[in-house]
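# Fold and contact review
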Amino acid sequence: MENSSKEKKVHGTQSLGSYILNHKVTLLIVVTIVVIVFFRLMNPNYLGWQNVLILLTITSFVGLLGLGVGLLLISGQIDLSTGAIAVMAAVLVAMLISSGIPWPIAALITILFGAAAGGITAILVNGLGMMSFIATIGMMSVWGGLALVLTRGNPVTINNPGFWAIADIRFFQSIPLLFIIMLFFVALYGFILSQTRFGRSVYIVGGNPTAARLAGINPKKIQSILFINSGAISAFCGVLFASNFRRGDPVAITLGMDAVTAAVLGGISFSGGAGGTGGFLVGLLLLNFFNNGLMMIGIGPYWQTIARGAILIAALMLDFFRERQRAKALRAGAAEIAAAKSQ
């Protein structure tokens, strides 16, 4: 009876941890609603059809990049080159289509380029032992610079109505297909993380690589797959970006850092081993509603950059305290289990 009561106490501790996590997601939802109401009061056009379309489109791009980054963060790695890969992919698909290649084939070649780019990063990190932070900063410069070299800094226009149609499709007159695609990948990756052996391996690798190896899991293999996935989905984002703007623009977009911010803000641990796509989606919406709101009330681009940086710092601070709390809860739970077994 005594052991049974102690086991219930341990389960109660685990339930409390789950409650705290859910509470944080709920808090993000509440903050998102407050942000929406505030900017709606500041500018009546904030929830107008045109602005909602812009908001959902940008959210789609950041979301796709953030999913690749998010899975890597859970595994204990990071990819800062996603925005540059997307830019290079937009330029590549535009050049291929302009050369007469049918757009579906051009898009497939571009996505394969992204997978190869992720593979190169995996070799640098898992083959040569470089830190992913340093390796991906370097690759960010490589892909961004290559896009400028190939185009000499000039956008590559795409004259293909069939390709444009990808970004022009709307549901219920205002929801772009791009947003539906992003939600599909959120659901798909959420299913993989929560319902598959591979997803569980990602958490184990990020939480404790040593334990993962002892369990027969190859951390380098898991992380390499995730680097390739990040490159492929970043390139796919670049294809959609080119479709939306009808050109491949070599000027680097800043969505890559927004993707990292959304992931950390949504509860994906910078230290690895924790987080999910549900919290990421809420963090993504909060970040983009806020960024868009600043623009709608006339805040200049320089101040918007400062605000983005401040949000990233706040997200990292939140992750730091969240990680401390998680470590404390794990230590307490392990102590209680050990005490229960000793009885």
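Predicted model only: the values in this text are computed from it and were never measured.

This part takes up the overall build of the protein chain. Counting its secondary structure elements, the protein chain contains 13 helices and 4 strands. Taking all 343 residues of the protein chain together, 47% fall into the buried category. Pairs at least 24 apart in sequence give 79% of the contacts found in the protein chain among residues at least 6 apart. Carbon and sulfur atoms form 70% of the exposed surface of the protein chain, whose accessible area is close to 16700 Å².

It is worth spelling out the layout of surface pockets at this point. Each pocket or cavity is described by its volume, and for the second largest pocket that value is around 480 Å³. Along the wall of the second largest pocket there are 23 residues; nearest its centre are Ile54, Ile58, Leu255, Met295 and Arg308. For the lining of the second largest pocket, the elements supplying multiple residues, two or more each, are helix 2 (49-74), helix 10 (219-245), helix 11 (255-265), helix 12 (277-296) and helix 13 (301-342). Top contributing element to the lining of the second largest pocket by residue count: helix 2, with 6 residues. For the lining of the second largest pocket, the class distribution of residues is 12 nonpolar, 8 polar and 3 charged.

What follows deals with a nonpolar patch on the surface. A cluster of nonpolar residues, Ile123, Leu128, Met130, Met131, Phe133, Ile134, Ile137 and Met140, forms a patch on the protein surface that exposes about 750 Å² of accessible area. With respect to the element layout, Met140 can be found in helix 5 (residues 132-151).

Here helix 3 (residues 82-98) contains 17 residues, and its C-alpha end-to-end distance of 24 Å stays within 8% of the 24 Å for a straight helix at 1.5 Å per residue. Helix 3 sits mainly inside the fold: 15 of its 17 residues count as buried. Gly100 sits one or two residues past helix 3 and shows a positive phi near 105°.

Here we come to the packing of helix 3 against helix 4 (residues 103-127). Between two packed helices, both the angle of their axes relative to each other and the distance between the axes serve to describe the pair. At a minimum axis separation of 9 Å, helix 3 and helix 4 run at an interaxial angle of 150°. It follows that helix 3 is roughly antiparallel to helix 4 by the angle criterion. Two packed elements cross with a definite hand, and for helix 3 against helix 4 that hand is right-handed. Together, Ile85, Met88, Ala89, Leu92, Val93, Leu96 and Ile97 of helix 3 and Trp103, Ala106, Ala107, Ile109, Thr110, Phe113, Gly114 and Ala117 of helix 4 make up the contact between the two elements. Looking at the contact of helix 3 with helix 4 residue by residue, the classes come out as 13 nonpolar, 2 polar and no charged.

The subject of this paragraph is the nonpolar core. Where a protein is soluble and globular, its nonpolar side chains tend to be buried together. Judged by nonpolar contacts, the single largest core of 90 residues is most densely connected at Leu64, Trp143, Phe163, Phe185 and Leu240. Looking at this core, the element that brings in the most residues is helix 3, giving 13 residues.

Next up on the list: the confidence of the model for the protein chain. Note: predicted coordinates in regions of low pLDDT should not be interpreted at a detailed level. For the protein chain, the mean per-residue pLDDT works out to 85, and 87% of the residues sit at or above 70. Averaged over each element, pLDDT in the protein chain is lowest for helix 1 (residues 2-42) (63) and highest for helix 4 (96). Below pLDDT 50 for its whole length, residues 1-21 participates in 11 contacts with residues either more than four positions away or in separate chains.

Tracing the chain through its elements places Gly248 in strand 4 (residues 247-248). Here the alpha-carbon distance between Gly248 and Asn154, two residues 94 residues apart in the chain, equals 8.9 Å. For Gly248, the residues in contact, after removing those within four places along its chain, are Ala90, Val91, Ala94, Pro155, Val156 and Ile158.

Topologically, Gly231 is positioned in helix 10. Among the residues examined, Gly231 registers a relative accessible area of 0% and is labelled buried. Distance in space between the C-alpha atoms of Gly231 and Asp79 is 8.9 Å, their sequence separation being 152 residues. Not counting chain neighbours up to four residues away, the residues in contact with Gly231 comprise Ile85, Gly114, Ala115 and Gly118.

We note that Arg152 has phi near 55°; this positive angle belongs to a residue other than glycine. Note that Arg152 resides in the loop between helix 5 and strand 1 (156-157).

Analysis parameters
Residues numbered from 1 in each chain as written. Predicted model: local features only at pLDDT ≥ 70, side-chain atom pairs only at ≥ 80, totals over all residues. Heavy atoms only, no water. Helix = DSSP H or I, 4+ residues; strand = E, 2+ residues; numbered from the N terminus. Buried < 20%, exposed > 50% of the residue type's maximum accessible area, 1.4 Å probe, protein only. Contact = heavy atoms within 4.5 Å. Areas by Shrake-Rupley, 256 points an atom, 1.4 Å probe, with all protein chains shown as cover. 1 Å grid on protein atoms, 1.4 Å probe; cavity = no way out; pocket = protein on both sides within 12 Å on 5 of 7 lines; lining within 4 Å. Points joined across faces, edges and corners; volume = space filled by probe spheres on them. Nonpolar A, V, L, I, M, F, W, Y, C, P; charged D, E, K, R; others polar. Patch = residues over 30% accessible without salt bridge, like charges linked within 9 Å, V, L, I, M, F, W, Y side chains within 5 Å. Salt bridge = Lys/Arg side-chain N within 4 Å of Asp/Glu carboxyl O. Expected span 1.5 Å × (residues − 1). Axes fitted to C-alpha atoms, helices over the stretch in contact; angles between N-to-C directions. Parallel < 35°, antiparallel > 145°, perpendicular 65-115°, else oblique. Left-handed = near helix turned anticlockwise from the far one by under 90°. Core = buried A, V, L, I, M, F, W, Y, C linked by side-chain atoms within 4.5 Å. pLDDT = per-residue confidence, 0-100.

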